[in-house]
Amino acid sequence: MQDILEKLEERRANARLGGGQKRIEAQHGRGKLTARERIDLLMDPGSFEEFDMFVEHRCTDFGMEKSKIPGDGVVTGWGTINGRVVYVFAKDFTVFGGSLSEAHARKITKIQDMAVQNRAPIVGLFDAGGARIQEGVAALGGYGEVFQRNVLSSGVIPQISVIMGPCAGGDVYSPAMTDFIFMVRDTSYMFVTGPDVVKTVTNETVTAEELGGASVHTTRSSIADKAFDNDVEALLQMRRFIDFLPSSNTSPVPELPSFDDAERFDMSLDTLVPRNPNQPYDMKELILKAVDEGDFFEIQEAFARNIVTGFARMEGRTVGIVANQPLVLAGTLDSDAGRKAARFVRFCDCFNIPIVTFVDVPGFLPGTAQEYGGLIKHGAKLLFAYAEATVPKITVITRKAYGGAYVVMASKHIRGDVNYAWPTAEIAVMGSKGAAEIIYRQELGEPERIKARVKEYETRFANPFVSAERGFLDEVIMPHSTRKRVARALNMLRNKELQNPWKKHDNIPL
Amino acid sequence: MFKKILIANRGEIACRVIKTARRLGLKTVAVYSDADAASLHVEMADEAIHIGAPPAAQSYLVIDKIIDACKRSGAQAVHPGYGFLSERSAFPRALEAAGITFIGPNAKAIDAMGDKIESKKAAAAAKVSTVPGHLGIIEDEAEAVKIARKIGYPVMIKASAGGGGKGMRIAHSDAEVKDGFARARSEAKSSFGDDRVFIEKFIVNPRHVEIQVLGDKHGHVIHLGERECSIQRRNQKVVEEAPSPLLDEKTRKAMGEQAVALARAVNYDSAGTVEFVAGQDRSFYFLEMNTRLQVEHPVTELVTGIDLVEQMIRVAAGEKLALQQKDVKLKGWAVESRVYAEDPFRNFLPSTGRLIKYRPPKESSADGITVRNDTGVFEGGEISIYYDPMIAKLCTHAPDRATAISAMGEALDQFYVDGIQHNIPFLAAIMENERWQKGKLSTGFIAEEFPGGFTGNALTSDLKAILSSVAVTADHTENRRKRRIGGQMNGKAVKYSHERVVRLGNDWLPVTIVSEDDRVVTLDNGKPCFVRSQWAPGEPVWTGEIDGKAVSVLMRKILNGYRLSHKGVSVDAFVFTEREAELARLMPAKKLADTSKKLLCPMPGLVVSIAVAEGQEIKAGEALAIVEAMKMENILRAERDALIKKVHVKKGDSLAVDAVIMEFA
């Protein structure tokens, strides 16, 4: 009997070695950790339970039958992050380069099925060489099975992908359909076709880093939501990130005891908006001063920086923050900002995370580049996302809220629940100068009169009170009381019940 | 006594004058430029009057506007503060003509002392010991070199009208005299509108000691002891103290008597300062007299218990000085640290912008220790590009020097500023400096003690113990909270290992948390350490006790860790489990981008000139470009011999921090 027990331990130890000590060292040499080491960092100590440790592929072509390693290139299972259940699969680069076989895909789909059935988030750690070519179409079919489950789980449980090594070809589409993609700088890259194929087909010479490194995907393509310096930093931050997320679309947002007084006034916010209306200021200061302990997990920080998105907490409960950033492009909405914020708003709505919107938007960005790039539809995405969202929506206008962009930014007209404005707010069709020049076009030749007209328009509209008179704003608030007001409004809305008409699904302008 | 006074100044000094005026029951009037409309002094005063555009030359320096403000507000007297109009005799003359009292010395005294050349002549006449030098006006470089040779190197070239280190140059050779003469002149011209300069002998290893004098309109003059201001950076005072660790009673008396004699000789009738340069042998020479309230006057106030602003107001109103020399007793020791908006890690480049966080230590007086913070800013306020980048003057007073210094160290450890760069780490490092603690000072102190610039204090094993205990207990507080997150499996909290590894910079220190509640931690050396603190996540200052000793550490949350600042040390701390630490050690160090082949703009500024062309060979130390920031020209020099490959900017360009100015081959 004792013998048999020992055998099990032996087999386990063998499986845990993956591709063997030499390959583990090679992995470390590249500045990367192994799949199991990564899981150790992600999960609470001792909480990970591995499934399918002894699974092997069944391929008999190209001599593969002689080369079998238990686990078959992916480590799967479940564990807890601060006590909450999370499913995980981690590609093991030391085993067949982490390549996907039919058996490997089955391991992943088993975990995916469990996660969605048991309503808990799933995290995928990617570091692999694509499909196992020796298996041909069997591997491709495996991808399809994974993709189908990604789609069915979408909006039911949070799906997170962390790219920690190569991720190319068929491997990229599973992450692409998850909610968030994170990357590790210098050691990870993602592309559909690699540099060699690019060279052959288009004659472009490009490195893997230039084609699909963390920098490209966080700043240019917006494929990745955030990048980290190394595996340890990334995985510890995933623990922080999971703490913000509900386990599923039917679970409440996780709650943490807060050390920050919800009634805290921050007097310095009274001077945040500069006297000169054309001078920018950093909207992130407001976010950091309004939310619990200044703890803000920003999403897509390096892309479309004219709009800020991310997670924070109010009185210990997760909220999604969307804010125009006057520091970049004066906070205008452009195509990129529209896409970025729309996706974020939709994530929050899927998972019942209330949305707090801080508005300082002078309008949509004009120009041929924007119009040719489809600004109309990209801008409409954000409008659509806000308008369909049924979660609590709280809006604070700090300064400009002009034109169509005003309507887009969670205005009262698209079911904003509580809409506040600071006394510095200006809610109008456009800036006073532009407006006066249109209304009094015939006086354009007389600079003095036009100046007076601009002043007149300013006095009438460059304030929050015209909107307040119509009930488009619920209240004009002191900047220093923003945290208190938002916290109270969120509490008031905790039992919000709102349903959109039944439909198969909507048709957002993709 | 006056009913209402106007303060023709801004910032901390305006606030400081308002405080005393209010205590005396006087109404106060502030003046402000466009840039200061939302300033603290405007907020504090009973009335505020707008006097023009941000540049001082269009507001704080315009006499007519100040007089007009007095008339509009009915102010009967004007306190000039320091800087701006404080030492311009035209100002008291104009006030007098308008029937307004100047809270400062008479115009003649200002004239006599305000000009450095004239003041030396007066000092010599009053038998005050003076430094050898040439007191005449120097016409050109050639003459400057001739004079310098006659006096003997090293020499100092100074602006005749100057103060505060502007337009000052030390020269060791003919070439340096030529270069320094031209620069001192142009700086004098731009700073004071007066390009006269003079040359004098430069004293080696000198100390800066000054005597505070106080006179009334009835011929009575006393002195309030000395201050030592030897800790200077580029002739700008950084740390001051009273009394001076150099002086003995005899020297103090001799210096005080000479200062009083000089003040009497010019009929001095307000608060003023006679500055001396002192040798290590306590020999001393007259340097100049400042006919105004000094920036560092609080240290004198703390050791004498006399409110200098009150005395200035009283004597200006014609009251007799109620104090006799024998009434002046120096009690205890006071230290002042000037908190500037400048980055000590980037060669003290000025920094401007919004004060996102400003949390000074609490002003207090307990157990013989006083903490005083003179400031003109507030959280959410602005450090403007137009004026002096001073944020605050932090002072401590205690029965003895060592206690005053340690109280200052503690206060600096609680001073949290965010949004702009500041010199608090540098000040904290000075407080920890052994030579400073021993009082072995000279004006070369900073250059000698921080020869390669400031890179932060080294982590000693004591500091490691403190900082790792702080990091591990802070992390523990956060972890305990995380373990209470909702939605956990079984509703049971996760267990955490009590074995931790703290990474402090490049050190990995094992720490054990022995007890959950009292936070007993065991450090590497096996010694238990009792840590107590009320710190909660999100608070910028960790205060508490470690083994019964009060400790304050500034903390800023960074990814997975904390940036800790304490006693001049700034270090990133990460608290890991043993397994995390084991894996974190495998992570390669990130390479920083190689910038050695580039000249980067060290601060936001305007390109004044580019001194080189593409393809040119340059030697280390040669000037490459001049960038202006905060109205100061900063010369960027080559760090090594190189060939200019490409110049990316041109004159007039406005640059951001780290913009590439040029590339080297």
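What you are looking at is a predicted structure, and each value in this text was computed from that prediction instead of being measured.

In this section: the overall build of chain B. In terms of regular secondary structure, chain B is built from 17 helices and 40 strands. For 665 residues, the compact-globule formula gives about 26 Å, and the C-alpha radius of gyration of chain B, at 27 Å, lands near that figure. Across its three principal axes, chain B shows a C-alpha extent of roughly 85 × 65 × 50 Å. Per-residue burial for chain B yields a buried fraction of 55% across its 665 residues. In chain B, once contacts between residues fewer than 6 apart in sequence are set aside, the share between residues at least 24 apart is 64%. Accessible area for chain B stands at about 27800 Å²; split by element, carbon and sulfur atoms hold 50% of it. Between the mean site of the 91 positive side-chain charges and the mean site of the 87 negative ones, chain B shows a separation of 1 Å.

Scanning chain A from terminus to terminus reveals 19 helices and 17 strands. Its C-alpha atoms give chain A a radius of gyration of 26 Å, near enough to 24 Å, the size a compact globule of 510 residues would have. Within chain A, the proportion of its 510 residues that are buried is 56%. By sequence separation, contacts in chain A at least 24 residues apart represent 73% of the contacts at least 6 residues apart. Total accessible area on chain A is roughly 21700 Å²; 54% of this is exposed by carbon and sulfur atoms. Across chain A, the mean location of the 61 positive side-chain charges is 3 Å away from that of the 66 negative side-chain charges.

The next subject is the sheet that holds strand β29 (residues 541–546) of chain B. Residue and element names in this part refer to chain B. Around the barrel, eight strands lie side by side as β25-β26-β27-β28-β29-β30-β31-β32; this closed barrel has antiparallel pairing. Strand-to-strand twist of the sheet, defined as the mean angle between neighbouring strand axes without regard to direction, takes the value 35°. Relative to strand β27 (residues 520–522), strand β26 (residues 507–515) is paired through three bridges, and the arrangement is antiparallel. Across the sheet, residue T512 finds its bridge partner in β27, namely T522.

Here we take up the interface of chain B and chain A. If you look at the interface, chain B gives 33 residues, while chain A gives 41 residues. In total, chain B and chain A occlude about 3300 Å² of area from one another, counting both sides; carbon and sulfur atoms represent 62% of this. Contact with chain A buries surface across chain B, with R481, I485 and M587 of chain B losing the most and accounting together for 19% of the total. Counting the contacts that link chain B with chain A gives three salt bridges.

On to the domain arrangement of chain B. Domain parsing of chain B yields domain 1 (4–103), domain 2 (127–131 + 207–331), domain 3 (133–201), domain 4 (338–437), domain 5 (461–482 + 497–584) and domain 6 (598–664). Of note, the centres of domain 2 of chain B and domain 3 of chain B, computed from C-alpha atoms alone, are 27 Å apart.

Let us now look at helix α8 (residues 174–192) of chain B. Residues and elements named next belong to chain B. The end-to-end C-alpha separation of α8 is 26 Å, in line with the 27 Å expected for 19 residues at 1.5 Å each. What α8 keeps buried is the set V177, G180, F181, A184 and A188. Buried residues of α8 fall within an arc of 110° about the axis and therefore sit on the same side. Seen from the buried face of α8, the exposed residues on the opposite side, beyond 90 degrees, are A175, K189 and S190.

Moving on to the pairing of strand β14 (residues 393–402) of chain A. Residues and elements named next belong to chain A. Most of β14 sits inside the fold, with 10 of its 10 residues counted as buried. Pairing between strand β13 (residues 355–361) and β14: six bridges, direction parallel. Each bridged residue has a counterpart across the sheet, and for V356 the counterpart in β14 is I394. Relative to strand β15 (residues 418–421), β14 runs parallel, the two sharing four bridges. Following the sheet pairing, T395 is matched in β15 by N419. Handedness of the β-α-β unit built from β14, helix α15 (residues 403–408) and β15 comes out right-handed. Across three bridges, the pairing between β14 and strand β16 (residues 426–428) is parallel. Note on β16: the bridge partner recorded for Y402 is A428.

What follows is about unusual backbone geometry. Residues other than glycine predominantly adopt negative phi, and peptide bonds predominantly adopt the trans conformation. For the bond running from A242 of chain B to P243 of chain B, omega is -10°, close enough to zero to count as cis. Along the chain, the position of P243 of chain B falls in the loop between β12 (236–242) and α9 (249–265). The phi dihedral of R415 of chain A is positive, around 70°, even though this residue is not glycine. As for its placement among the helices and strands, R415 of chain A is situated in the loop between α15 and β15. Its identity as a non-glycine residue notwithstanding, K567 of chain B has a phi of 50°, on the positive side. Along the chain, K567 of chain B falls in the loop between β31 (561–566) and β32 (569–577).

A few words now on the sheet that holds strand β40 (residues 660–664) of chain B. All names here are of chain B. Taken together, four strands build an open sheet; the order of strands is β33-β40-β38-β35 and the sheet is antiparallel. In the strand order of this sheet, the two ends are held by β33 (598–600) and β35 (617–618), each with one partner. With three bridges joining them, β33 and β40 adopt antiparallel strand pairing. Paired with L599 across the strands is M662, a residue of β40.

If you look at the biggest cluster of nonpolar residues, it comprises 76 residues, and the most contacted ones within it are F311 and L382 of chain A. Here L382 of chain A is in contact with I307, L333, G338, A341, A342, V345, V408 and M409 of chain A, once residues within four sequence places are set aside. Within the second largest apolar cluster, 38 residues are counted, among which are V339, I383, A429 and F454 of chain B.

A full pass over the atoms with the stated rule returns 35 aromatic pairs over all chains. Aromatic side chains F574 of chain B and F576 of chain B sit 6.2 Å apart centroid to centroid with 10° between the ring planes, which places their arrangement in the stacked category. The same class applies to F574 of chain B and to F576 of chain B, which are both buried. Chaining the aromatic ring pairs together yields one cluster made of F180, F182, F228, F241, F244, F297, F311, F344, F347 and F351 of chain A. Positioned above the aromatic ring of Y440 of chain A, the side-chain terminus of R453 of chain A is 4.0 Å from the ring centre. Against the face of Y562 of chain B rests K557 of chain B, its NZ or CZ located 4.8 Å from the ring centre.

For the rest of this paragraph, the subject is helix α7 (residues 141–151) of chain B. Residues that lie three or four places apart on an α-helix share one face, since the helix turns once every 3.6 residues. Residues and elements named next belong to chain B. Of all the residues in α7, the buried ones are A144, V145, I147, A148 and I151. One face of α7 carries all of its buried residues, which in axial projection span an arc of 165°. Set apart from the buried face of α7 by more than 90 degrees, the exposed residues are A142, K146, R149 and K150. Where the residues of α7 are buried, they touch β6 (133–134), β7 (155–159), α8 and β9 (197–201). A positive phi of about 100° marks G152, the residue just after α7.

This part takes up the confidence of the model for chain B. A residue-level look at chain B finds 96% of positions with pLDDT of 70 or above and a mean pLDDT of 90. The ipTM value of the predicted complex is 0.92, and its pTM value is 0.88.

Each value, and the rule that gives it
- Residues numbered from 1 in each chain as written.
- Chains lettered and ligands numbered in written order.
- Predicted model: local features only at pLDDT ≥ 70, side-chain atom pairs only at ≥ 80, totals over all residues.
- Heavy atoms only, no water.
- Helix = DSSP H or I, 4+ residues; strand = E, 2+ residues; numbered from the N terminus.
- Rg over C-alpha atoms; globule rule 2.2 N^0.38 Å.
- Buried < 20%, exposed > 50% of the residue type's maximum accessible area, 1.4 Å probe, protein only.
- Contact = heavy atoms within 4.5 Å.
- Areas by Shrake-Rupley, 256 points an atom, 1.4 Å probe, with all protein chains shown as cover.
- Lys, Arg positive; Asp, Glu negative; His and termini not counted.
- Charge placed at Lys NZ, Arg CZ, Asp CG, Glu CD.
- Pairing = 2+ DSSP bridges.
- Axes fitted to C-alpha atoms, helices over the stretch in contact; angles between N-to-C directions.
- Buried area = accessible area lost by both parts, 1.4 Å probe.
- Salt bridge = Lys/Arg side-chain N within 4 Å of Asp/Glu carboxyl O.
- Domains from an automatic or database assignment.
- Expected span 1.5 Å × (residues − 1).
- Arc of directions from axis to C-beta.
- Right-handed = clockwise from strand over helix to strand, strands pointing away.
- Core = buried A, V, L, I, M, F, W, Y, C linked by side-chain atoms within 4.5 Å.
- Phe/Tyr/Trp six-rings, centres within 6.5 Å; stacked < 30°, edge-to-face > 60°.
- Lys NZ or Arg CZ within 6 Å of the ring centre and 35° of its normal.
- pLDDT = per-residue confidence, 0-100.

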